[in-house]
Amino acid sequence: MTTAVVAVGGNAILKRGQLPTMDNQLQNLRSISKHIAAMVSGGYNISLSHGNGPQVGDILLQNEAAKYEVPPMPLDVCVAQSQGMIGYLFQQALTEELETIRCQRTVLCMLTRVIVDPGDEAFSRPSKPIGPYYTAAEAEQMELSTGCVMREDRARGGWCRVVPSPRPVEIVEAAPISRLICSGRDLVIAAGGGGIPVVRQDGRLVGVEAVVDKDLASACLAKGMKVDLLIMLTDVDGVYLEHGSPRERLLGEITADEAERYLREGHFYAGSMGPKVEAAIAFVRAGGRKAIITRPELLHTALSSKAGTQIVNR
Ligand code: ADP
Ligand code: MG
């Protein structure tokens, strides 16, 4: 059996412009699940991860809006809530699809912690956009009323709250997740939203307020579990050079060295394709067989190397 960590992008769960309702997210998760269920029945043991950018920002907003009635929860607890919320919807959608094609797996959702370094510079430089997008005037009002940090994202055409995003060091639950998926009976949803960030303090693990990048966390989990493949599903066919220009071209199979060169040349945005390529490089250099970046609809074809961008360590 081939083993894989499959990371599903927040943009695939909630498409741009869609309202973050349960129905919208469930419907998107159902169409993604069709492709994942087919992969599982084709002979793969997998652990799934997912993004939480829009959702964790919304949970934070709910906490702030109700702060005089219910004490607000810190960001690490909001990340845990987002793992439960998205994990449950994913579990429902995937279970239905697996039953439809008579593939016998139990879908489990694991609250997953990720260890980060308390000295990570990211803590003093918030960079990860979460929650809804605002106009400049709304963003200023938000900063004044909540004390949060807002930043403009020209690509998405608006202002967004940004929070610290330290690098993942280790996934605490990697070993049990590995045991579960290797049994061939279970499919695990883990490391959702990049994992719940914790730091080691006096021999204990203590939650910290941050949101870890889900692609880097997925690579960390994939390395910890020593799986064969790391697959990142998003809303583009694969990785492009000169993306968005009339000269853009899709990359097929590339080596980690080539990917690193393009990364240095600035072909990938820091907040979107950058971390995926970085995650792919880290994974194959640590001994992973291959990393694939594509959209859910091309998953099947990409698994036979006929679509998507494939990053190998040759
Ligand atoms: P996800 O939610 O899947 O992590 P992101 O928005 O973070 O999605 O990353 C996917 C986006 O990266 C694409 O929608 C695309 O607009 C953007 N992108 C930036 N640079 C590139 C590139 N070089 N090739 C392909 N997509 C790119
Ligand atoms: Mg992303």
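Going by the structure above, here's the rest.
Residues numbered from 1 in each chain as written. Chains lettered and ligands numbered in written order. Predicted model: local features only at pLDDT ≥ 70, side-chain atom pairs only at ≥ 80, totals over all residues. Heavy atoms only, no water.

(A) Structural view of helix α9 (residues 273-285). For α9, spanning 13 residues, the distance from its first C-alpha to its last is 18 Å, which sits close to the expected 18 Å at 1.5 Å a residue. When α9 is considered as a whole, its buried residues turn out to be M273, G274, P275, K276, V277, A279, A280, I281, F283 and V284. Check the buried side of α9 and you find it contacts α7 (214-225), β12 (229-233), α8 (256-264), β16 (290-294) and β17 (309-312). G287, located one to two residues past α9, shows a positive phi value of around 110°. (Helix = DSSP H or I, 4+ residues; strand = E, 2+ residues; numbered from the N terminus. Expected span 1.5 Å × (residues − 1). Buried < 20%, exposed > 50% of the residue type's maximum accessible area, 1.4 Å probe, protein only. Contact = heavy atoms within 4.5 Å.)

(B) Just the sheet that holds strand β3 (residues 106-109), in detail. Taken in spatial order, the eight strands line up as β3-β9-β2-β1-β12-β16-β17-β15 in an open sheet, and their pairing is mixed. Every interior strand has two partners, whereas the edge strands, β3 and β15 (253-255), have only one. Ignoring which end each strand starts from, the neighbouring axes of this sheet average 20° apart. Here helix α2 (residues 22-41) sits on the sheet and contacts β1 (2-8), β2 (44-50), β9 (186-189) and β12; the angle it forms with β2, its principal contact strand, is near 155°. Each of β12, β16 and β17 touches α9; the most contacted strand, β16, lies at about 160° to it. (Pairing = 2+ DSSP bridges. Axes fitted to C-alpha atoms, helices over the stretch in contact; angles between N-to-C directions.)

(C) Highlighting the environment of G274. With respect to the element layout, G274 can be found in helix α9. For G274, a relative accessible area of 6% gives the class buried. The sequence separation of G274 and R264 amounts to ten residues, and the corresponding C-alpha distance is 9.9 Å. Every residue in contact with G274, bar those within four places of it in the chain, is listed here: L263, F268 and Y269.

(D) Representation of the packing of aromatic side chains in the model. Within this structure, the stated rule accounts for zero aromatic pairs. The aromatic ring of Y262 is capped on one face by R261, whose charged end is 5.3 Å from the ring centroid. (Phe/Tyr/Trp six-rings, centres within 6.5 Å; stacked < 30°, edge-to-face > 60°. Lys NZ or Arg CZ within 6 Å of the ring centre and 35° of its normal.)

(E) Fine view of the site of ligand 1. If you check the shell around ligand 1, you find 20 residues, and the closest are N11, R156, T234, D235 and K276. Within the side chain of D235, one N or O atom sits 2.6 Å away from an oxygen atom of ligand 1. Coverage of ligand 1 by the protein amounts to 90% of the 570 Å² it exposes when considered alone. Of all the elements in the fold, those that place two or more residues in the shell around ligand 1 are α1 (10-13) and α9. The residue makeup of the shell around ligand 1, split by class, is six nonpolar, nine polar and five charged. (Near = heavy atom within 4 Å. Polar contact = N/O pair within 3.5 Å; in protein donor to acceptor, adjacent residues only side chain to side chain. Areas by Shrake-Rupley, 256 points an atom, 1.4 Å probe, with all protein chains shown as cover. Nonpolar A, V, L, I, M, F, W, Y, C, P; charged D, E, K, R; others polar.)

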